[in-house]
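Residue-level listing of the chains:
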Amino acid sequence: MKSFIDLEHISSKIRLGALEESVRAGRGHLGGTYSCVEILVYLYYGSVLQVDPKNPNWSDRDRFILGKGHACLALYPILVDLGFMTTERLHTYGKNGGLGGQLDKTIPGVDWNTGSLGHALGVCAGMALSAKLDNKNFSAYAVLGDAECEEGAIWEAITFAGKNKLNNLVGIIDRNRLSVTEILDDDSFFRNYTDSLNALGWDCFEVDGHSFDELSRSFNRIKNSEKPVMIICNTIKGKGISFMENEIRWHQSLPTKKEYDLA
């Protein structure tokens, strides 16, 4: 595992790369990309996900779905750095026939097509169940947007996983409190979220989603859980660029030349 300082450097590099790629391509979702950078960096560089870039379809690999696939600009550079795909392919982002604004299974290291929100946890629950049925040791991880968690399919998956005691399933919520159109404050359905999940057979707790120390302690904590686990990561939409932080417009806006230089 890399040091926390190294992980911070990687996170900064990813933010800069996402900014450059989105401006070059004329598209992108920087706000939600920046809120989940540390989560993805810890999963891939913090000895959490067991994957093999030389064998992307390794049957015993951990499964991972970035449910909020519009944050793909945080994942693409990780896949390049680890050797799943080339820099040349990364630079096709936004071009006809190149990488799109969502993830798809033609990309090595990607386990599911994204775009329609609300399905990642259910698919991961199926993957986790298949591991148990086939006597495999892999786990399944899903990163979800907080607005996505309002969808009924998410709650069906939560009920299913709790009933089947899928202790090899981990859900991670990017709790940045902003959807594309509105604020999701603590008086929304998140008010009793932890209690609701506990009642449905899950372990659920909150961490600072930008703190590698807290992320490390949370993933160490779940190793011996006998239940599926949901980690609520409190994050900041647009994290890292002052004028983007906690601003709804940066869900999918692009910076002007002046804003780009400032960023």
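Quick caveat, the model's predicted, so the values are computed rather than measured.

## What about the overall build of the chain?
Tallying secondary structure elements over the chain gives 10 helices and five strands in all. Taking 2.2 N^0.38 as the reference for a compact globule, 263 residues should give roughly 18 Å; the C-alpha atoms of the chain span a radius of gyration of 17 Å, in line with that estimate. Reported as C-alpha extents along the three principal axes, the dimensions of the chain are approximately 50 × 45 × 35 Å. Residue burial in the chain is summarised as follows: out of 263 residues, 50% are buried. Carbon together with sulfur atoms contributes 47% to the accessible area of the chain, which is approximately 12000 Å² in total. Within the chain, the 34 negative side-chain charges are centred at a point lying 4 Å from the centre of the 28 positive side-chain charges.

## Quick look at the sheet that holds strand β4 (residues 203–208)
Strand order in the open sheet formed by five strands is β1-β2-β3-β5-β4, with parallel pairing between adjacent strands. Two strands close off the open sheet at either side, each with one partner strand: β1 (63–66) and β4. Neighbour-to-neighbour, the strand axes of the sheet open up by a mean angle of 15°, direction not taken into account. Direction of pairing for strand β2 (residues 140–145) relative to strand β3 (residues 169–175): parallel, over a ladder of six bridges. Considered in β3, the bridge of Ala-142 is made with Gly-171. The strands touched by helix α9 (residues 212–221) are β2, β3, β4 and β5 (229–234); relative to β4, the strand with the most contacts, the crossing angle is about 165°.

## Digging into the state of the cysteines
Throughout this description, disulfide means a covalent bond between two cysteine sulfur atoms. Enumeration according to the criterion identifies zero disulfides in this entry. In this structure Cys-36 is a free cysteine whose sulfur lies 9.8 Å from that of Cys-72, the closest cysteine sulfur available. A residue is classified by how much of its surface remains accessible, and Cys-36, at 0% relative accessible area, is buried. On the basis of relative accessible area, Cys-72 is assigned to the buried category, the value being 1%.

## A closer look at the packing of aromatic side chains
Tallying each qualifying case throughout the model produces six aromatic pairs. Taken together, a centroid distance of 5.8 Å and an interplanar angle of 90° make the contact between Tyr-44 and Phe-64 edge-to-face. A residue pair is termed long-range when its members are at least 10 positions apart, and Tyr-44 in helix α3 (residues 37–45) and Phe-64 in strand β1 qualify at 20 residues. For Tyr-44, a relative accessible area of 10% corresponds to the buried category. Where Trp-155 meets Tyr-193, the ring centres are 5.4 Å apart and the plane angle is 70°; that geometry is what we call edge-to-face.

## Focus on the side chain of Arg-63
Looking at the secondary structure, you find Arg-63 in strand β1. For the buried Arg-63, no salt bridge is present, and the opposite-charge side chain at shortest range is Asp-111, 5.2 Å distant. From its side chain, Arg-63 meets the backbone oxygen of Ser-59 in a polar contact 2.9 Å long. Here Arg-63 is in contact with Trp-58, Asp-111, Met-127, Phe-138, Ser-139, Ala-140 and Tyr-141, once residues within four sequence places are set aside.

## As for α9
Among all positions in α9, only Phe-212, Leu-215, Ser-216, Ser-218 and Phe-219 are buried. Within α9, the buried residues cover an arc of 165° as seen down the axis, which keeps them to one side. In this structure, the buried residues of α9 make contact with α1 (4–25), α3, β2, β3, β4 and β5.

## Some remarks on the nonpolar core
Note on soluble globular proteins: their nonpolar side chains tend to be buried together. Leu-40, Leu-43, Phe-64, Tyr-76 and Phe-219 are the most contacted members of the largest nonpolar core, which totals 54 residues. In contact with Leu-40, not counting residues within four places along its chain, are Phe-64, Leu-66, Ala-74, Leu-75, Ile-78 and Val-143.

## Considering the packing of α1 against α9
Look at α1 against α9: their axes get within 10 Å of each other, and the N-to-C directions meet at 115°. Taken together, the axes of α1 and α9 lie roughly perpendicular to each other. Mapping the contact onto sequence places Phe-4, Leu-7, Glu-8 and Ser-11 in α1 and Phe-212, Asp-213 and Ser-216 in α9. Here the residues of the contact of α1 with α9 sort into three nonpolar, two polar and two charged.

## Some words on the pairing of β1
Regular strands show a simple pattern: their side chains alternate between the two faces of the sheet. Neither face of β1 is open: one carries Arg-63 and Ile-65, the other Phe-64 and Leu-66, and all of them are buried. Two strands pair when backbone bridges link them, and β1 and β2 are joined in this way by four bridges, in the parallel orientation. Bridge pairing in β2 places Arg-63 opposite Ala-140.

Here is what the cut-offs are and how they apply
Residues numbered from 1 in each chain as written. Predicted model: local features only at pLDDT ≥ 70, side-chain atom pairs only at ≥ 80, totals over all residues. Heavy atoms only, no water. Helix = DSSP H or I, 4+ residues; strand = E, 2+ residues; numbered from the N terminus. Rg over C-alpha atoms; globule rule 2.2 N^0.38 Å. Buried < 20%, exposed > 50% of the residue type's maximum accessible area, 1.4 Å probe, protein only. Areas by Shrake-Rupley, 256 points an atom, 1.4 Å probe, with all protein chains shown as cover. Lys, Arg positive; Asp, Glu negative; His and termini not counted. Charge placed at Lys NZ, Arg CZ, Asp CG, Glu CD. Pairing = 2+ DSSP bridges. Axes fitted to C-alpha atoms, helices over the stretch in contact; angles between N-to-C directions. Contact = heavy atoms within 4.5 Å. Disulfide = S-S within 2.5 Å. Phe/Tyr/Trp six-rings, centres within 6.5 Å; stacked < 30°, edge-to-face > 60°. Salt bridge = Lys/Arg side-chain N within 4 Å of Asp/Glu carboxyl O. Polar contact = N/O pair within 3.5 Å; in protein donor to acceptor, adjacent residues only side chain to side chain. Arc of directions from axis to C-beta. Core = buried A, V, L, I, M, F, W, Y, C linked by side-chain atoms within 4.5 Å. Parallel < 35°, antiparallel > 145°, perpendicular 65-115°, else oblique. Nonpolar A, V, L, I, M, F, W, Y, C, P; charged D, E, K, R; others polar.

None of the figures reported here should be taken as evidence of function without further support.
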